[in-house]
Amino acid sequence: MTDGEATLRPVRWRGLPRRRTLLRVTLVAVLLGLAVAVLQTPPSCPPPRALPAASATASPSGGIRALPAGAVGVPIRLAEPAALAVLRPGARVDLLVVPAGGSPDPTLLAPRALVLDVVGATGAVDGSSALYLALPPEQARRAVGLPEGSRFAVVVRG
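Every value quoted in this text rests on a predicted model; they were computed, and no experiment measured them.

Caption draft 1: Highlighting the pairing of strand 4 (residues 130-135). Of all 6 residues in strand 4, 5 are buried, a share of seventy percent or more. Pairing between strand 1 (residues 72-76) and strand 4: 5 bridges, direction antiparallel. Bridge assignment links V74 to a residue of strand 4, and that residue is L133. Note: strand 3 (residues 107-119) against strand 4, 5 bridges, orientation antiparallel. Directly across from V119, in strand 4, lies its bridge partner A130.

Caption draft 2: The sheet that holds strand 5 (residues 151-156), seen in detail. Sheet architecture is open: 5 strands sit in the order 1-4-3-2-5, paired in antiparallel fashion. Bordering the open sheet on either side are strand 1 and strand 5, each of which pairs with just one other strand. For this sheet, the mean inter-axis angle between neighbouring strands, taken without regard to orientation, is 45 degrees. Relative to strand 3, helix 2 (residues 137-144) is tilted by about 90 degrees, and along the sheet it contacts strand 1, strand 3, strand 4 and strand 5.

Caption draft 3: Spotlight on the pattern of salt bridges. Evaluation of the coordinates by the stated rule reveals 2 salt bridges. Between R141 and E138 there is a salt bridge, with its nearest N and O atoms 3.3 Å apart. Of the two residues, R141 and E138 both sit in helix 2, 3 residues apart, roughly one turn of that helix. A relative accessible area of 52% places R141 in the exposed class.

Caption draft 4: Region of the structure containing unusual backbone geometry. Phi angles above zero are rare outside glycine, and R112 is one such case at about 50 degrees. Looking at the secondary structure, you find R112 in strand 3. Note on R112: relative accessible area 41%, which makes it partly exposed.

Caption draft 5: Representation of helix 2. Every buried residue of helix 2 is accounted for by Q139, A140 and A143. Each buried residue of helix 2 sits inside an arc of 100 degrees when the element is viewed along its axis, so together they form one side. Contacts made by the buried residues of helix 2 are with strand 1, strand 3, strand 4 and strand 5.

Caption draft 6: Geometry of a nonpolar patch on the surface. Taken together, the side chains of L27, L31, L34, V38 and L39 present a nonpolar region at the surface, about 550 Å² in accessible area. Relative to the elements of secondary structure, L27 occurs in helix 1 (residues 19-39).

Caption draft 7: Here's a closer look at the side chain of D94. Topologically, D94 is positioned in strand 2 (residues 92-98). Overall, the relative accessible area of 12% leaves D94 in the buried class. In terms of polar contacts, D94 uses its side chain to reach the backbone amide nitrogen of R112, at 2.9 Å. Here the side chain of D94 touches R157 through a polar contact of 2.9 Å, side chain to side chain. Discounting chain neighbours no more than four positions away, the residues touching D94 are L108, A110, P111, R112, A153, V154, V155 and R157.

Caption draft 8: Region of interest: the confidence of the model for the protein. The predicted model of the protein averages 78 in pLDDT, with 75% of residues at 70 or higher. Confidence drops under pLDDT 50 across residues 49-61; counting only partners more than four residues distant or on other chains, this segment forms 17 contacts.

Caption draft 9: A look at the nonpolar core. Judged by nonpolar contacts, the single largest core of 20 residues is most densely connected at I76, L95, L131, L133 and L135. Taken together, the elements giving at least two residues each to this core come down to strand 1, strand 2, strand 3, strand 4, helix 2 and strand 5. It is strand 3 that contributes the most residues to this core, 5 residues altogether. Here L95 is in contact with I76, T107, L108, L109, A110, L133, L135, F152, A153 and V154, once residues within four sequence places are set aside.

The rules behind the values
Residues numbered from 1 in each chain as written. Predicted model: local features only at pLDDT ≥ 70, side-chain atom pairs only at ≥ 80, totals over all residues. Heavy atoms only, no water. Buried < 20%, exposed > 50% of the residue type's maximum accessible area, 1.4 Å probe, protein only. Helix = DSSP H or I, 4+ residues; strand = E, 2+ residues; numbered from the N terminus. Pairing = 2+ DSSP bridges. Axes fitted to C-alpha atoms, helices over the stretch in contact; angles between N-to-C directions. Contact = heavy atoms within 4.5 Å. Salt bridge = Lys/Arg side-chain N within 4 Å of Asp/Glu carboxyl O. Arc of directions from axis to C-beta. Patch = residues over 30% accessible without salt bridge, like charges linked within 9 Å, V, L, I, M, F, W, Y side chains within 5 Å. Areas by Shrake-Rupley, 256 points an atom, 1.4 Å probe, with all protein chains shown as cover. Polar contact = N/O pair within 3.5 Å; in protein donor to acceptor, adjacent residues only side chain to side chain. pLDDT = per-residue confidence, 0-100. Core = buried A, V, L, I, M, F, W, Y, C linked by side-chain atoms within 4.5 Å.

This is how it looks when you write it as structure tokens:
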């Protein structure tokens with residue numbers, strides 16, 4: 001045999017790989033397995049759907065309520081988050097707005113809006129508190145299209 005010819009002798013390890021090498025190989029294998037699991041959707045898994053349009057009834061878990069037919073869900077941050085403590089899903093409220101730089105008198109934006117969910121009612125100080133309302137599409141567009149700095153308030157209906 002000359003130096004240019006290949007041999008058919010098996011390659012042998014001269015001991016086990018180092019700990020760092022094993023850790024890297026294991027980490028790469030775990031990450032690749034996770035990527036495959038995330039990217040592969042089984043055919044029996046249905047695609048995600050929006051909330052069903054139904055009458056406003058409580059969900060079996062007692063959480064967020066279903067949207068009424070023809071309504072959209074809109075998150076609203078109230079100027080006074082303490083008002084969230086008295087609200088529950090299923091309540092009806094009048095949504096008032098004071099536009100930024102506008103008159104000090106509030107304007108009725110949405111009468112008798114259905115409360116879908118209340119998030120952060122127990123004193124969240126990080127700004128994560130919100131009120132989710134079911135509004136007709138036109139009122140929802142007006143609510144989200146208000147300039148930044150507009151303040152929202154609610155009046156609880158009986």
